[in-house]
Amino acid sequence: MTPAAAREIALAAHGAQMYGSDPYHVHLDAVAGIVREFGLGEELECAAYLHDTLEDTPVTAAELTEVGVTEGVLGAVEAVTGRGPNRKARNADAYAKLAAYPLAINLKLCDRLANGRAALATAPDKLAMYRREYPAFRATLSPHGGSLELWVELDALFA
C-alpha cells in the first residue's frame, strides 16, 4: 500500500468529518507530514493517514484489511485507537496497547505533535489540556521507545 492509497481510504472513511473548523484531511495530512519530516518511513506514513479511522469512523479492521491495509499498518492503527467511555479511559487503553506495540509509539508521537502544533496556532484551551496530560503521556510511553527527536520537540511544546 502507498501513502496516497492510504490517504484515499482515510478520506473516504472520514467523509465530511471536521477537525475543529477544518476538513479532517488537514489533521491527517499534518500527521503524515510529521512522519515525513522525521524520516519515519512509508509504512508509518500510511498508518498516519489511517490512524483515526477505527476510532472515529464506522470502518472496521476487517474492512481495512479487505482494501489492502497491511498487517503492520493495521497493527499501528489498532495500537493508537483508544476505546472507552471518556478521554481518560481512551488514553489509558491506547497507552497500554502502545506499550505492547512499541513500533506504534512514533505514530502516537506524530499525532500528538500535530495536535499540539494545531492547538498552539488556534486552540489555547486544547493546548492547555495537552500540557496537563503530557507528564502522564511521557512517563507512560517514553520507557517503551519513540524517536528522540520527536520527544525533544514534544518536550519543548508541552513541558
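Structure first, text after, so check above.
Residues numbered from 1 in each chain as written. Predicted model: local features only at pLDDT ≥ 70, side-chain atom pairs only at ≥ 80, totals over all residues. Heavy atoms only, no water.

## Digging into the overall build of the chain
Now for step 1: Helix and strand counts for the chain stand at ten helices and two strands.
Now for step 2: Secondary structure elements of the chain, listed N to C terminal, follow the sequence α-β-β-α-α-α-α-α-α-α-α-α.
Now for step 3: In summary, the chain has a C-alpha radius of gyration of 14 Å against a globular reference of 15 Å for 159 residues, a match within 12%.
Now for step 4: Dimensions of the chain, computed from C-alpha atoms along their principal axes, come out at roughly 40 × 35 × 35 Å.
Now for step 5: Out of the 159 residues belonging to the chain, those deemed buried represent 43%.
Now for step 6: Taking the intrachain contacts of the chain between residues at least 6 apart in sequence as the baseline, contacts between residues at least 24 apart amount to 63%.
Now for step 7: A distance of 9 Å separates the average location of the 14 positive side-chain charges in the chain from that of its 21 negative side-chain charges. (Helix = DSSP H or I, 4+ residues; strand = E, 2+ residues; numbered from the N terminus. Rg over C-alpha atoms; globule rule 2.2 N^0.38 Å. Buried < 20%, exposed > 50% of the residue type's maximum accessible area, 1.4 Å probe, protein only. Contact = heavy atoms within 4.5 Å. Lys, Arg positive; Asp, Glu negative; His and termini not counted. Charge placed at Lys NZ, Arg CZ, Asp CG, Glu CD.)

## Re the packing of aromatic side chains
Now for step 1: Here the structure, examined in full by the defined rule, presents six aromatic pairs.
Now for step 2: Each ring, one from Y19 and one from Y24, has its centre 6.0 Å from the other, and the planes form 85°; the classification is edge-to-face.
Now for step 3: Classification of Y24 by relative accessible area gives buried; the value is 7%.
Now for step 4: Pairwise contacts between aromatic rings join Y95, Y130, Y134, F137, W151 and F158 into one cluster. (Phe/Tyr/Trp six-rings, centres within 6.5 Å; stacked < 30°, edge-to-face > 60°.)

## A few points about the side chain of H51
Now for step 1: You can see H51 is positioned in the loop between helix 3 (42-50) and helix 4 (53-56).
Now for step 2: Judged by relative accessible area, which is 2%, H51 ranks as buried.
Now for step 3: A polar contact is formed between the side chain of H51 and the side chain of H27, at a distance of 3.2 Å.
Now for step 4: A distance of 2.6 Å separates a polar side-chain atom of H51 from the backbone oxygen of A48.
Now for step 5: Those residues within four positions of H51 in sequence are excluded, and the remaining contacts are H27, L28, V31, V77, V80, T81, L107 and D111. (Polar contact = N/O pair within 3.5 Å; in protein donor to acceptor, adjacent residues only side chain to side chain.)

## Regarding the pattern of salt bridges
Now for step 1: Within the structure shown, the criterion is met by nine salt bridges.
Now for step 2: Between R117 and E37 there is a salt bridge, with the nearest N and O atoms lying 3.1 Å from each other. Of this pair, R117 sits in helix 8 (residues 105-122) while E37 sits in helix 2 (residues 25-37), placing them 80 residues apart in sequence.
Now for step 3: Given the relative accessible area of 47%, E37 is considered partly exposed. (Salt bridge = Lys/Arg side-chain N within 4 Å of Asp/Glu carboxyl O.)

## Things to note about helix 10 (residues 148-158)
Now for step 1: Every buried residue of helix 10 is listed here: L150, W151, L154, L157 and F158. When helix 10 is viewed along its axis, its buried side chains cluster within an angular range of 130° and face the same direction. Facing away from the buried side of helix 10 by more than 90 degrees, the exposed set consists of L148, E149 and A156.
Now for step 2: Turning to helix 10, the residues buried within the fold contact helix 2, helix 8 and helix 9 (124-141). (Arc of directions from axis to C-beta.)

## A look at the environment of K97
Now for step 1: Residue placement: K97 occurs in helix 7 (residues 87-100).
Now for step 2: For the pair K97 and Y19, spaced 78 residues apart in the sequence, the C-alpha separation amounts to 25 Å.
Now for step 3: Excluding its chain neighbours within four sequence positions, the residues that come into contact with K97 are E78, A79, T81 and R83.

Keep in mind these numbers describe shape, not what the thing actually does.
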